[in-house]
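Breakdown of the fold
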Amino acid sequence: MVCAPLTESTPMPEVFSLGGYAVYFSALDIEHGVHVHVRQGRNLDLARFVITADGHALLSHNHGRLAKKTIRQLQFVIEQNMDEILRLWVNLFGDDIHFDK
């Protein structure tokens, strides 16, 4: 897993990359609960994972029709790195952290 530095000037800051996929935040998504998007190259928003308060990553959509194995791998890495993802979310969006129900 490779973490990228987050800045407010980046509209879609990358959280980490894995196997050719980038997991990122959209700076426009502050009104939503904690979640991440997945892209591959210029193909944006292939999948979206909602982060729950108990540390799970739930697949919200799979517009890119990623293979089930890829979804499971991404979900596993997201859940294993939840503390870092939450830290980066707070770094980008501030302390008003909330989770969708």
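I will try to describe carefully the structure that is included in this document. (Residues numbered from 1 in each chain as written. Predicted model: local features only at pLDDT ≥ 70, side-chain atom pairs only at ≥ 80, totals over all residues. Heavy atoms only, no water.)

Thoughts on the environment of H35
Residue position: H35 is located in strand β4 (residues 35-40). Taking the relative accessible area as the measure of exposure, H35 reaches 1% and is therefore buried. A sequence separation of 54 residues divides H35 from W89, and the C-alpha atoms of the two residues are 9.0 Å apart. Sequence-distant contacts of H35, that is, excluding residues within four places in its chain, are made with F25, D29, R48, F49, V50, I51 and W89. Side chain to side chain, H35 and H37 meet in a polar contact 3.3 Å long. A polar atom in the side chain of H35 sits 3.4 Å from the side chain of R48. (Helix = DSSP H or I, 4+ residues; strand = E, 2+ residues; numbered from the N terminus. Buried < 20%, exposed > 50% of the residue type's maximum accessible area, 1.4 Å probe, protein only. Contact = heavy atoms within 4.5 Å. Polar contact = N/O pair within 3.5 Å; in protein donor to acceptor, adjacent residues only side chain to side chain.)

Some points on the packing of aromatic side chains
This model, assessed by the stated rule, comprises three aromatic pairs. Both rings, one in W89 and one in F93, keep their centres 4.3 Å apart while their planes meet at 50°; by these two values the pair is tilted. Pair noted here: W89 and F93 are both in helix α2 (residues 82-93), with a separation of four residues, about one helical turn. Across this residue pair, the class does not change: W89 and F93 are buried. In this structure an aromatic cluster arises from ring pairing among F25, W89 and F93. (Phe/Tyr/Trp six-rings, centres within 6.5 Å; stacked < 30°, edge-to-face > 60°.)

Comments concerning the nonpolar core
Across soluble globular proteins, you tend to see nonpolar side chains buried next to one another. In terms of nonpolar packing, the biggest core is built from 24 residues, with F25, V38, F49, L66 and I78 touching the most fellow members. Elements that contribute at least two residues to this core include exactly β2 (14-18), β3 (21-24), β4, β5 (43-51), α1 (68-80) and α2. Broken down by element, the residue count for this core peaks at six residues, all from α2. Beyond its immediate sequence surroundings of up to four residues, F49 is in contact with H35, V36, V38, A57, L58, L59, S60, I71, L74, Q75 and I78. (Core = buried A, V, L, I, M, F, W, Y, C linked by side-chain atoms within 4.5 Å.)

Some words on α2
For α2, which comprises 12 residues, the first-to-last C-alpha distance of 16 Å matches the rise-based estimate of 16 Å (1.5 Å per residue) to within 8%. Every buried residue belonging to α2 is among M82, I85, L88, W89, L92 and F93, and all of these are buried. The buried residues of α2 occupy an angular sector of 125° when projected down its axis, which confines them to one face. Buried residues along α2 sit against β2, β4, β5 and α1. Following α2 by one or two positions, G94 has its phi on the positive side, about 100°. (Expected span 1.5 Å × (residues − 1). Arc of directions from axis to C-beta.)

Digging into the pattern of salt bridges
A full pass over the atoms with the stated rule returns two salt bridges. A salt bridge links R39 to E14, with the shortest nitrogen-to-oxygen separation between them at 3.3 Å. Linking R39 in strand β4 with E14 in strand β2, this pair joins segments that are 25 residues apart in sequence. Assessed through its relative accessible area of 15%, R39 is described here as buried. (Salt bridge = Lys/Arg side-chain N within 4 Å of Asp/Glu carboxyl O.)

From the geometry alone we can't say anything about function, so treat these as descriptive.
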